[in-house]
Amino acid sequence: LGFPDDVRYTAEHEWGRLENGVVTVGITSYATEQLGDIVFVELPDAGKRLEAMKPFGVVEAVKTVSDLYAPLSGEVVDVNATLSDNPALVNQEPFGEGWMIRIRPDRAEDFQKMMSNVDYEKHVEEQHA
Amino acid sequence: VQPVTALKRTPFYDFHRSAGARLVDFAGFEMPVRYTGDVREHQCVRNAVGLFDISHMGEFLVRGDGALAFLDRAVTNDVASLAVGQALYSPLCRADGGIVDDLLVYRAADHFMVVVNASNIAKDFAWLRDQCPPGVELVDRSDEFALLAVQGPRAAEVLRGHVPDAALELGFYRFLIGRGFGADMVISRTGYTGEDGFELYFHPRDAVAVWTGVVEAGAPHGLELVGLGARDTLRLEMGYMLYGNDIDDTTSPLEAGLGWTVKLAKPDFVGRAALVRQKEQGLTRRLVGISLDGRRVPRHDMPLESAGAAVGRVTSGTFSPSLERPIGMAYVESGLAKLGHIVEVRAGETRLPATIVKRPFWTKGSNRGASAS
């Protein structure tokens, strides 16, 4: 499989990347492969407060719909507006241009509690078996 | 200990694996849901041609002097009107008018072939066996048929030179039995996509030769492999039924808009009395097409509301790749089943306005002969 090691992961297939105290959040390549072609991403507005493991948005694929879960508690400080016109970016570059929101976490240490790429890969393999 | 039921595999399993398909459990079969992407595969069928493995479908053979009468009484459509070399779509109904399955009946010179949904093979076979009179032979031959669908405006060009010329002249819902791609096969001009196309039934021992032959013949025409994901978006754009979603044991063909397949003029068939009564008393609900603005998609089982009251339920929904909008089907109270009427689909806490529209949603398919099925 092979997941990037510069981000951390949740069991719900979100990833987070910590830069300058802000965590960029998206969904993993495994999630996009499971979902298929994504046609719509519903995201919160900047300023919204998120609670860890609570839904913060919705991703609609042709075949399925899935909630997005906040990897940690905090405030939304940025939203990827290009996804409203081009949701396929999530399929094309799930770890890059397909990012969804940026969160300023309430507790910086929460980020370290997310899974490493090695643990996430194990988690995916267990789910897949 | 957890009992594990092994999934069945079609004879094309290795091809799916090597093509990188995502495989899922579908009616107990390990089937390809997607090879490259739902939308790409969908468009390939609308614009060129696609190859589907649908070997999970069931095939029953029926023969004997009473075979015609038996089938004509078992299903709602008019088997007696079939010419040799012709096929028919029909519901198979319970006495109360509920739908046991929807199926195809093929009339060959000395037998009939009944093609049923994979999820219903055991149920249908038991159901039919109980009605089968002495002297009529009914056998389940599902394991002795591989089934490929070649669908799209260029389907005939893919087959040209590899099947008898007569096969390319077949009308919709006509078939012949002959040689194709080096194998004995039933070549049928049928499909579930709204495009021109063929379905090829042959023995699994010929699976490698036929698959390889179709893929090679199709390459110059842009043929790609298509999974069950795109099969569903293609059929839904045509408003075709998916058993278990849009129709089941608790829905009647009249409610589902399949009245054209219910021949109440036949003197008798299973479900006739109940369906006559239903027609006389009027339907309480109808299956309608719904079309939505925006990009939120209606999904199976989402409630339908009107003026705050529950008025029905979504049976199928998808984002239509051809129309680039969300579409679906839903049962709705008869009084609301009017074209142009607006209802609301409840998606969690969100309510999505949905307009009741005509089926099929997609009317530009290459299959000009396509009726409601």
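Preceding this paragraph is the structure being described.
As the structure is a prediction and not an experimental result, all values here were calculated from the model.

Undergrad: I would appreciate a short explanation of the sheet that holds strand E17 (residues 325-333) of chain B in the present structure.
TA: Two strands in a sheet stick together by hydrogen bonds in their backbones, pointing the same way (parallel) or opposite ways (antiparallel). All names here are of chain B. Here 6 strands make up a closed barrel; going around it, the order is E14-E17-E16-E15-E18-E19 and the pairing antiparallel. Strand-to-strand twist in this sheet, taken as the mean axis angle between neighbours without regard to direction, amounts to 45°. By the bridge criterion, 4 bridges tie strand E14 (residues 285-292) to strand E19 (residues 350-357) in an arrangement that is antiparallel. Looking across to E19, one finds that Ile290 is bridged to Ile356. Across the face of the sheet, helix H8 (residues 228-237) comes into contact with strand E16 (309-320) and E17 while running at roughly 120° to E16.

Undergrad: Even after reading the chapter, I still don't get the packing of aromatic side chains, so can you show me in this structure?
TA: Ring pairs (aromatic) are described by centroid distance and by the angle formed between their planes. Per the stated rule, a full pass over the model turns up 15 aromatic pairs over all chains. Ring centres of Phe3 of chain A and Tyr120 of chain A lie 4.7 Å apart, and the angle between their planes is 70°; on these two criteria the pair is classed as edge-to-face. Highlighted residues: Phe3 of chain A in the segment before strand E1 (8-9) and Tyr120 of chain A in helix H5 (residues 117-128), separated in sequence by 117 residues. Each member of the pair Phe3 of chain A and Tyr120 of chain A is classed as buried. Look at Tyr106 of chain B and Tyr201 of chain B: their rings are 5.5 Å apart centre to centre, the planes differ by 80°, and that puts the pair in the edge-to-face class.

Undergrad: Hey, could you run me through the pairing of strand E1 (residues 22-26) of chain B in this one?
TA: On a regular strand, each side chain points to the face opposite its neighbour's, so the side chains alternate between the two faces of the sheet. All names here are of chain B. Both E1 and strand E2 (residues 29-34) contribute to a ladder of 5 bridges, which runs antiparallel. For Val24, the partnering residue across the bridge sits in E2 and is Met31. Taking the residues that link successive antiparallel strands as the turn, the E1-E2 hairpin has 2 residues, and the phi of Ala27 there is positive, at about 55°.

Undergrad: Before we go on, may I ask you to explain the interface of chain A and chain B in this structure?
TA: You'll often see interface size given as the accessible area lost when the parts meet. Contacts between the two partners involve 16 residues from chain A, matched on the other side by 15 residues from chain B. Of the roughly 1,300 Å² buried between chain A and chain B on both sides combined, carbon and sulfur atoms contribute 46%. A per-residue breakdown of the area chain A buries against chain B is headed by Val39, Val62 and Lys63 of chain A, which together make up 42% of the total. Glu60 of chain A is paired through a salt bridge with Arg299 of chain B; the nearest N and O atoms lie 2.5 Å apart. Remark: the boundary between chain A and chain B carries 14 residue pairs in polar contact (both at pLDDT 80 or more). Listed by contribution, the elements that provide at least two residues to the side of chain A that touches chain B are helix H1 (29-35), strand E4 (38-42) and strand E6 (55-61) of chain A. When the residues that make up the side of chain A that touches chain B are grouped by side-chain class, the tally is 8 nonpolar, 3 polar and 5 charged.

Undergrad: Help me understand the pattern of salt bridges in this model?
TA: A side chain with one charge may pair with a side chain of the opposite charge, provided their charged atoms come close. In total, this model carries 34 salt bridges over all chains according to the counting rule given. In this structure, the salt-bridge partner of Asp246 of chain B is Arg235 of chain B, at a minimum N-O distance of 2.8 Å. Of this pair, Asp246 of chain B sits in the loop between H8 and helix H9 (272-281) while Arg235 of chain B sits in helix H8, and the two are 11 residues apart along the sequence. Across the pair, exposure class does not vary: Asp246 of chain B and Arg235 of chain B are buried alike. It is possible to trace a salt-bridge network through shared partners that takes in Glu42 and Glu60 of chain A together with Arg296 and Arg299 of chain B.

Basis of the calculations
- Residues numbered from 1 in each chain as written.
- Chains lettered and ligands numbered in written order.
- Predicted model: local features only at pLDDT ≥ 70, side-chain atom pairs only at ≥ 80, totals over all residues.
- Heavy atoms only, no water.
- Pairing = 2+ DSSP bridges.
- Helix = DSSP H or I, 4+ residues; strand = E, 2+ residues; numbered from the N terminus.
- Axes fitted to C-alpha atoms, helices over the stretch in contact; angles between N-to-C directions.
- Contact = heavy atoms within 4.5 Å.
- Phe/Tyr/Trp six-rings, centres within 6.5 Å; stacked < 30°, edge-to-face > 60°.
- Buried < 20%, exposed > 50% of the residue type's maximum accessible area, 1.4 Å probe, protein only.
- Buried area = accessible area lost by both parts, 1.4 Å probe.
- Salt bridge = Lys/Arg side-chain N within 4 Å of Asp/Glu carboxyl O.
- Polar contact = N/O pair within 3.5 Å; in protein donor to acceptor, adjacent residues only side chain to side chain.
- Nonpolar A, V, L, I, M, F, W, Y, C, P; charged D, E, K, R; others polar.

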